[in-house]
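# Fold and contact review
Chain by chain, the residues run as shown.
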Amino acid sequence: MKHEENGFYYGLNLDTHQKIICERSKLKNPNGFIFGTSGSGRVETARREVAQIIKHANDEVVILDCDGEYEQSGLKYGVKNDMFIDLKGEIAQFNLTADDDAYHINLMDLVIDGSNNEISNKCDMVTAFFEVFVKRPLSQSEKNIIHDAVKTVLAPFAEELKRNNLNYSPESNPTLSDVLLLLEMTHHDEIEENEFLKLVLREKRDYFKAFEYHTNIPDGKAIEIEWHGMSCKLEVMTYVTCVDYVRNKMLLNNISEQRKNIYVYWDDVHLVLNDKP
């Protein structure tokens, strides 16, 4: 592989012993996986690339880290080597204790990108969230219940954004609590007889506390969203929520007049790939 201007260092070629310098964003497919056994240096490898990315003024980094490994390995305080000392990043912890002063992500956040599919896409994301929760695919009738509630909650807000020429307004965006409240009001008489509604609105209602706040993740050059110490189901529910957050960042970037590269690192992504609701 030839060296590329503004490329990143990825190690040494074992045959030629020359440095491997590559500008990954210029590749036909810039995505990648870092494989390795425990303790082999996967996080350190990713952290080294993160440090190089931060040098580029127009690039951002988002790390989804369920175990807080990147912070433990030094991202919070900068990468301490000869070239990259200060990442000037901000570690944002998505705290599932549902404290008011914690960081949160609103699964209902809506971005108006001109596709006219914004609400239907959000319906699919919320459906995926609930499928992880119940650990099975939702029936068509259950999907209809969720889709109707999401559309009812978001449609007026979408029109308000368009009237005000806004693409995104996280402070005023409806939250998951608005959807749950609407479900409670419109299906009150059938909750006890409907297994899905009974589970969501009665038996396991407290599961959603941490997901009912407005998004307050601060902007920054490097953002790490971490969560740990919870059940596998809550971990995957949080992953779904964080993926939606990243998707919204991408949508906003696509419609921005000053587009930039956004690098996303998913630690332990197998939690999502292995989950079969």
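The structure this text deals with has already been given above.
Just so you know, these numbers come straight off a predicted model, no measurement behind them. (Residues numbered from 1 in each chain as written. Predicted model: local features only at pLDDT ≥ 70, side-chain atom pairs only at ≥ 80, totals over all residues. Heavy atoms only, no water.)

Moving on to the overall build of the protein. Scanning the protein for helices and strands turns up eight helices and six strands. Residues counted as buried form 45% of the 277 residues belonging to the protein. Long-range contacts, defined as pairs at least 24 residues apart, comprise 69% of the intrachain contacts of the protein with a sequence gap of at least 6. Surface summary for the protein: the accessible area is close to 15,100 Å², and the carbon and sulfur share equals 48%. (Helix = DSSP H or I, 4+ residues; strand = E, 2+ residues; numbered from the N terminus. Buried < 20%, exposed > 50% of the residue type's maximum accessible area, 1.4 Å probe, protein only. Contact = heavy atoms within 4.5 Å. Areas by Shrake-Rupley, 256 points an atom, 1.4 Å probe, with all protein chains shown as cover.)

Contact geometry for helix H3 (residues 118–134) and helix H7 (residues 232–254): axes closest at 8 Å, N-to-C directions at 165 degrees. Comparing their axes, H7 and H3 come out roughly antiparallel. As for how H3 packs across H7, the hand of that crossing is right-handed. Residues Asn121, Lys122, Met125, Phe129, Val132 and Phe133 of H3 lie in contact with H7, whose contacting residues are Lys233, Val236, Met237, Val240, Thr241, Asp244, Arg247 and Asn248. Among the residues making up the contact of H3 with H7, the classes are represented as seven nonpolar, three polar and four charged. (Axes fitted to C-alpha atoms, helices over the stretch in contact; angles between N-to-C directions. Parallel < 35°, antiparallel > 145°, perpendicular 65-115°, else oblique. Left-handed = near helix turned anticlockwise from the far one by under 90°. Nonpolar A, V, L, I, M, F, W, Y, C, P; charged D, E, K, R; others polar.)

Let's shift gears to helix H4 (residues 140–163). In this model H4 runs 33 Å from its N-terminal to its C-terminal C-alpha over 24 residues, within 8% of the 34 Å that 1.5 Å per residue would give. At leucine 154, H4 shows its maximal bend, which comes to roughly 30 degrees, and the proline proline 156 appears one to four places after that position. Its buried side turned inward, H4 meets H3, helix H5 (176–186) and helix H6 (195–203). Following H4 by one or two positions, asparagine 165 adopts a phi angle in the positive range, close to 55 degrees. (Expected span 1.5 Å × (residues − 1). Bend = angle between axes of the 7 residues up to and from the residue.)

So yeah, pure geometry; function would need other evidence.
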